[in-house]
Amino acid sequence: ATRMVFQETPDMVLVNGPGTCVPVVAAALILELVTGHYLCVVFVESVCRAETLSVTGKLLLAVVDRFVVHWKQLAEKYQKAEYFGVLC
């Protein structure tokens, strides 16, 4: 997936929950830094995270452009988090 980020030069990268998305986000940020091509990085937290963020969420909160949660109380707890209701 990280190779695809460099080959395709996307305008947006949408990732979710598991820690395996961290290298993809890192690749997107490096691509943006090196080429100057703006990439919108959106992280969607797992629906099962109702009270606290996952480790991946905590790592990526500061570096992604949009951070989506499924629970209102998480959006109230984390200023950058956006709540749109349960998305599934």
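Structure: see above.
What comes next is a walk through the structure. These numbers come from a predicted model, not from an experiment. (Residues numbered from 1 in each chain as written. Predicted model: local features only at pLDDT ≥ 70, side-chain atom pairs only at ≥ 80, totals over all residues. Heavy atoms only, no water.)

Okay, the nonpolar core next. Counting 22 residues, the largest nonpolar core has Val-15, Phe-43, Leu-53, Val-64, Phe-67 and Val-69 as the members making the most contacts within it. Going through the elements one at a time, β1 (12-16), α2 (22-35), β2 (40-44), β3 (66-69) and α4 (72-77) are the ones with two or more residues in this core. If you tally residues by element for this core, the top one is α2, at 5 residues. Once residues within four sequence positions are removed from consideration, Val-69 is found in contact with Glu-45, Leu-53, Leu-74, Ala-75, Ala-81, Glu-82, Tyr-83, Phe-84 and Gly-85. (Core = buried A, V, L, I, M, F, W, Y, C linked by side-chain atoms within 4.5 Å. Buried < 20%, exposed > 50% of the residue type's maximum accessible area, 1.4 Å probe, protein only. Helix = DSSP H or I, 4+ residues; strand = E, 2+ residues; numbered from the N terminus. Contact = heavy atoms within 4.5 Å.)

It is worth spelling out the sheet that holds β3 at this point. Strand order in the open sheet formed by 4 strands is β1-β2-β3-β4, with parallel pairing between adjacent strands. Both edges of this open sheet fall to β1 and β4 (81-83), since each of them pairs with a single strand only. Strand after strand, the sheet turns through a mean of 25 degrees between neighbouring axes, direction not considered. Note: β2 against β3, 3 bridges, orientation parallel. Within the sheet, the bridge partner assigned to Val-44 lies in β3 and is Val-68. Along the sheet face, α2 touches β1 and β2 and points at about 160 degrees away from the line of β1. (Pairing = 2+ DSSP bridges. Axes fitted to C-alpha atoms, helices over the stretch in contact; angles between N-to-C directions.)

So, on to a nonpolar patch on the surface. A cluster of nonpolar side chains, contributed by Phe-6, Ile-30, Leu-33 and Val-34, occupies part of the molecular surface with about 450 Å² of accessible area. It is α2 that contributes the most residues to the nonpolar patch, 3 residues altogether. Along the chain, the position of Val-34 falls in helix α2. With a relative accessible area of 67%, Val-34 lands in the exposed category. (Patch = residues over 30% accessible without salt bridge, like charges linked within 9 Å, V, L, I, M, F, W, Y side chains within 5 Å. Areas by Shrake-Rupley, 256 points an atom, 1.4 Å probe, with all protein chains shown as cover. Salt bridge = Lys/Arg side-chain N within 4 Å of Asp/Glu carboxyl O.)

Our focus in this paragraph is α2. If you check α2, its first and last C-alpha atoms are 20 Å apart, about what 14 residues at 1.5 Å a residue would give, namely 20 Å. For α2, the complete set of buried residues consists of Val-24, Val-25, Ala-27, Ala-28 and Leu-31. For α2, the arc enclosing every buried residue in end-on projection is 160 degrees, short of the 170-degree limit, so these residues lie on one face. Exposed side chains of α2 directed beyond 90 degrees from the buried face belong to Leu-33 and Val-34. Looking at the buried positions of α2, the neighbouring elements they touch are α1 (2-8), β1, β2 and α3 (55-60). Positive backbone phi, at 80 degrees, marks Gly-36, one or two positions downstream of α2. (Expected span 1.5 Å × (residues − 1). Arc of directions from axis to C-beta.)

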